[in-house]
Structures are given as C-alpha cells and as structure tokens.
Amino acid sequence: QVQLVESGGGLVQAGGSLRLSCAASGNIFSINGMGWYRQAPGNQRDLVASITSSGSTNYADSVKGRFAISRDNAKNTVYLQMNSLKPDDTAVYYCNLRRVLVPGGTIYNVWGQGTQVTVSS
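Residues numbered from 1 in each chain as written. Predicted model: local features only at pLDDT ≥ 70, side-chain atom pairs only at ≥ 80, totals over all residues. Heavy atoms only, no water.

How would you sum up the side chain of Arg-71? Please name residues and give values.
Relative to the assigned elements, Arg-71 resides in strand β8 (residues 67–72). Among buried Asp, Glu, Lys and Arg side chains, Arg-71 stands out as unpaired, with Asp-72 the closest opposite charge at 8.3 Å. Of the polar contacts made by the side chain of Arg-71, one reaches the backbone oxygen of Ile-31; its length is 2.8 Å. A distance of 3.0 Å separates a polar side-chain atom of Arg-71 from the backbone oxygen of Thr-52. Discounting chain neighbours no more than four positions away, the residues touching Arg-71 are Ile-31, Asn-32, Gly-33, Met-34, Ile-51, Thr-52, Ser-53, Thr-77, Val-78 and Tyr-79. (Helix = DSSP H or I, 4+ residues; strand = E, 2+ residues; numbered from the N terminus. Buried < 20%, exposed > 50% of the residue type's maximum accessible area, 1.4 Å probe, protein only. Lys, Arg positive; Asp, Glu negative; His and termini not counted. Salt bridge = Lys/Arg side-chain N within 4 Å of Asp/Glu carboxyl O. Polar contact = N/O pair within 3.5 Å; in protein donor to acceptor, adjacent residues only side chain to side chain. Contact = heavy atoms within 4.5 Å.)

Here it is in structure tokens:
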C-alpha cells in the first residue's frame, strides 16, 4: 500500500509564507501526476496546483504567481511553496497522487490526510 504524510500547515498572517510537504511511502516504482487540493468549510475540494512526472505544472488562477509546486522524485515527495498568503487561502490542503505504479499494478488517486492552513487578516 501507499501512504502519504503531509506537513507544514499552520497559522500565518496575511502576506506570510508557508511550505507544505507530502511524502509518499511504500513499495513505489513511480508516481505520475502529483497535486495539491484545498477545501474550505462549505466548499468543494478544488485543485490548487499539479505537477507531472516531467515537471510540467498547472495552477489555479487564484494562486498563480504566489504558489509554486515542486517535486523530488527520489524522495517521492511533493511540495507547495505558498507566498503572499491571503485570508481566502484558508482551507484544509490535501496532497494527491494521480497514479502510482507499484508491484502488481497501479493505484489511482491516493489522498493525504489533509493539513490545515489558516491565514489571519
């Protein structure tokens, strides 16, 4: 099985920065798309940023120019650097692995447990 451990959330003032990390463990051959989603109370879970195995990135319009996603394939880890944070960024942030190649097959849509990010005004 594949497990994800997220870290880096917390409370920060508007304009501040946080860096989220998500490390995957288990018997993993490779991971294709990796991404971060967020969900605020009463809202659906939305994509924040994603990155392919070759490093191509995609961002929600609301975070372009402020957030940066990156990955370390050797460590099976994805990061989200969040700068110039706003109160509207307050949410639970979830790590997602789109497709994971493991012995015996492929696992789709692996989710982390979520980490709270709170931005005060």
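Next comes the rest of the account.
For the sheet that holds strand β3 (residues 18–25), give the residues involved together with the corresponding values.
Two orientations exist for strands paired in a sheet by backbone hydrogen bonds: parallel and antiparallel. With antiparallel pairing, the 4 strands of this open sheet are ordered in space as β1-β3-β9-β8. Each end of this open sheet is capped by a strand with a single partner; those strands are β1 (3–7) and β8. Looking at each pair of strands side by side, their axes are set apart by 15° on average, direction ignored. Strand direction decides the pairing type here: β3 and strand β9 (residues 77–82), joined by 6 bridges, are antiparallel. Considered in β9, the bridge of Ser-21 is made with Tyr-79. (Pairing = 2+ DSSP bridges. Axes fitted to C-alpha atoms, helices over the stretch in contact; angles between N-to-C directions.)

Tell me about the pairing of β9, and name the residues and values.
With 5 of 6 residues buried, β9 lies mostly within the body of the structure. Taken together, the 6 bridges between β8 and β9 define a ladder with antiparallel strand orientation. Residue pairing in the sheet places Ala-68 in a bridge with Gln-81 of β9. Hairpin remark: β8 followed by β9, antiparallel, with 4 residues in the connecting loop; positive phi at Asn-76, about 50°.

Please provide a residue-by-residue account of unusual backbone geometry, values included.
Located in the positive-phi region is Asn-76, a residue other than glycine, with phi close to 50°. Of note, Asn-76 is situated in the loop between β8 and β9. The phi dihedral of Asn-109 falls on the positive side, at around 55°, and the residue is not glycine. Mapped onto the elements, Asn-109 comes out in strand β11 (residues 105–111).

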